[in-house]
Amino acid sequence: MKAVAVLFLLGIIGIGADPVGVCPSVHSTYVDFLLHSTDPTKFYYCVWGTPVLFTCPAGLHFNITLGVCDWPAAPPVPPTPPTTTETTTTDTTTIAPSPGGCASVTCPFTPGTFPVFHVHPTNPNRYCKCDNFGIVHDMPCPAGLVFNPILNVCDW
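Scoring rules and cut-offs
- Residues numbered from 1 in each chain as written.
- Predicted model: local features only at pLDDT ≥ 70, side-chain atom pairs only at ≥ 80, totals over all residues.
- Heavy atoms only, no water.
- Pairing = 2+ DSSP bridges.
- Helix = DSSP H or I, 4+ residues; strand = E, 2+ residues; numbered from the N terminus.
- Axes fitted to C-alpha atoms, helices over the stretch in contact; angles between N-to-C directions.
- Disulfide = S-S within 2.5 Å.
- Buried < 20%, exposed > 50% of the residue type's maximum accessible area, 1.4 Å probe, protein only.

Draft legend 1. How the structure looks around the sheet that holds strand β9 (residues 116-119). The sheet built from three strands is open, its strands ordered β9-β10-β11 with antiparallel pairing. Looking at which strands have only one partner, the edges of the open sheet turn out to be β9 and β11 (136-140). Across this sheet, the average inter-strand angle for adjacent strands is 30°, counted without regard to direction. Relative to strand β10 (residues 126-130), β9 runs antiparallel, the two sharing four bridges. Pairing of V116 across the sheet is with C130, part of β10.

Right under this line is the structure:
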């Protein structure tokens, strides 16, 4: 009986499945999410080079384009277009995420912790996500859902 319980727990937490891709370990390399190799209801969030496994709420699949759990049949909605900034240190160009309507949100720099979520200042169908580097991202909820600040998820 104990062996069955252990196997059940290992299946729940995704042991044996790998993320699709690699989390960057370099500061300023921007990758937030990785897909789960076998289960569309699971995804990985990159925290300082380490993929952390998450599971979407029942009935939703992870949408890598939007970076949110979404209805399986929902067409992808393009995210807010990024703004481009040039760095002249070594002739490189970096693409910074656009704060969109979240420009008024102040984000803490919190290395090694999970992101911080805020209510969008003007649109309940969007939310503001602060990454670990103190950068704000304007994020959409799937169609028909609004951001729930108590649960930090898009909800009915």
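Draft legend 2. Molecular detail of the state of the cysteines. Tallying each qualifying case throughout the model produces five disulfides. Disulfide pairing places C107 opposite C130 at an S-S distance of 2.0 Å. Negative torsions about the S-S bond denote left-handed disulfides, and the value of about -70° found for C107 with C130 makes this one left-handed. Of the two residues, C107 is situated in the loop between β8 (92-96) and β9 and C130 in strand β10; the sequence distance between them amounts to 23 residues. Taking relative accessible area as the criterion, C107 reaches 14% and is therefore assigned buried. Once the disulfide-bonded cysteines of the chain are ranked by sequence position, their pairing pattern turns out to be 1-2, 3-4, 5-7, 6-8, 9-10.

So yeah, pure geometry; function would need other evidence.
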